[in-house]
Amino acid sequence: GIEFIDSYVFNKAEYIRFNSTVGRYVGYTELGVKNAEAWNKGPQLGEEQAELERVCKPNAALDYRAILDKT
């Protein structure tokens, strides 16, 4: 399977992450936890989930074929 991770970093510290396997945002700092709660209830969650279908899956197939062509 494909896993899509979108991390948000501020001052070299990850404060929130979307992980397609988990299916939601997870916060790692006080601000990240607050944002995760809001983003999981808002349109951001659906937008992240759509990225897996729109970008990751089609490109993974292309990358996989390119790797096979080189072997």
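Remember, it's a predicted structure, so these values are computed and weren't measured experimentally.

A. Examining the overall build of the protein chain more closely. Assigned secondary structure in the protein chain consists of two helices and three strands. Along the protein chain, helices and strands appear, N-terminal first, in the series β-β-β-α-α. Dimensions of the protein chain, computed from the C-alpha atoms along their principal axes, are close to 45 × 25 × 15 Å. For the protein chain, the proportion of its 71 residues judged to be buried stands at 21%. Of the contacts made within the protein chain by residues no fewer than 6 positions apart, 22% connect residues no fewer than 24 positions apart. Accessible surface, the protein chain as shown: approximately 5200 Å² in total, 55% of it carbon and sulfur. Counting 9 positive and 11 negative side-chain charges, the protein chain places the centres of these two groups 2 Å from one another.

B. Looking closely at unusual backbone geometry. You will see that Asn11, though not glycine, has its phi angle at about 55°, which is positive. Structurally, the position occupied by Asn11 is in the loop between β1 (5–10) and β2 (13–19). Accessibility expressed as a relative area gives 65% for Asn11, which makes it exposed. Backbone geometry places Lys12, a non-glycine residue, at a positive phi of 70°.

C. Structural context of the packing of aromatic side chains. One pass over the structure, following the stated rule, counts four aromatic pairs. An angle of 50° between the planes, with centres 6.1 Å apart, marks the rings of Phe4 and Phe18 as tilted. Here Phe4 is found in the segment before β1, whereas its partner Phe18 is found in strand β2, with 14 residues between them in sequence. The burial state of Phe4 is the same as that of Phe18; both residues are buried. When the centroid spacing of 5.1 Å and the interplanar angle of 75° are considered together, the rings of Tyr25 and Trp39 count as edge-to-face. Of this pair, Tyr25 sits in strand β3 (residues 24–27) while Trp39 sits in helix α1 (residues 30–41); the two residues are 14 residues apart in sequence, bridging distant segments of the chain.

What counts as what
- Residues numbered from 1 in each chain as written.
- Predicted model: local features only at pLDDT ≥ 70, side-chain atom pairs only at ≥ 80, totals over all residues.
- Heavy atoms only, no water.
- Helix = DSSP H or I, 4+ residues; strand = E, 2+ residues; numbered from the N terminus.
- Buried < 20%, exposed > 50% of the residue type's maximum accessible area, 1.4 Å probe, protein only.
- Contact = heavy atoms within 4.5 Å.
- Areas by Shrake-Rupley, 256 points an atom, 1.4 Å probe, with all protein chains shown as cover.
- Lys, Arg positive; Asp, Glu negative; His and termini not counted.
- Charge placed at Lys NZ, Arg CZ, Asp CG, Glu CD.
- Phe/Tyr/Trp six-rings, centres within 6.5 Å; stacked < 30°, edge-to-face > 60°.

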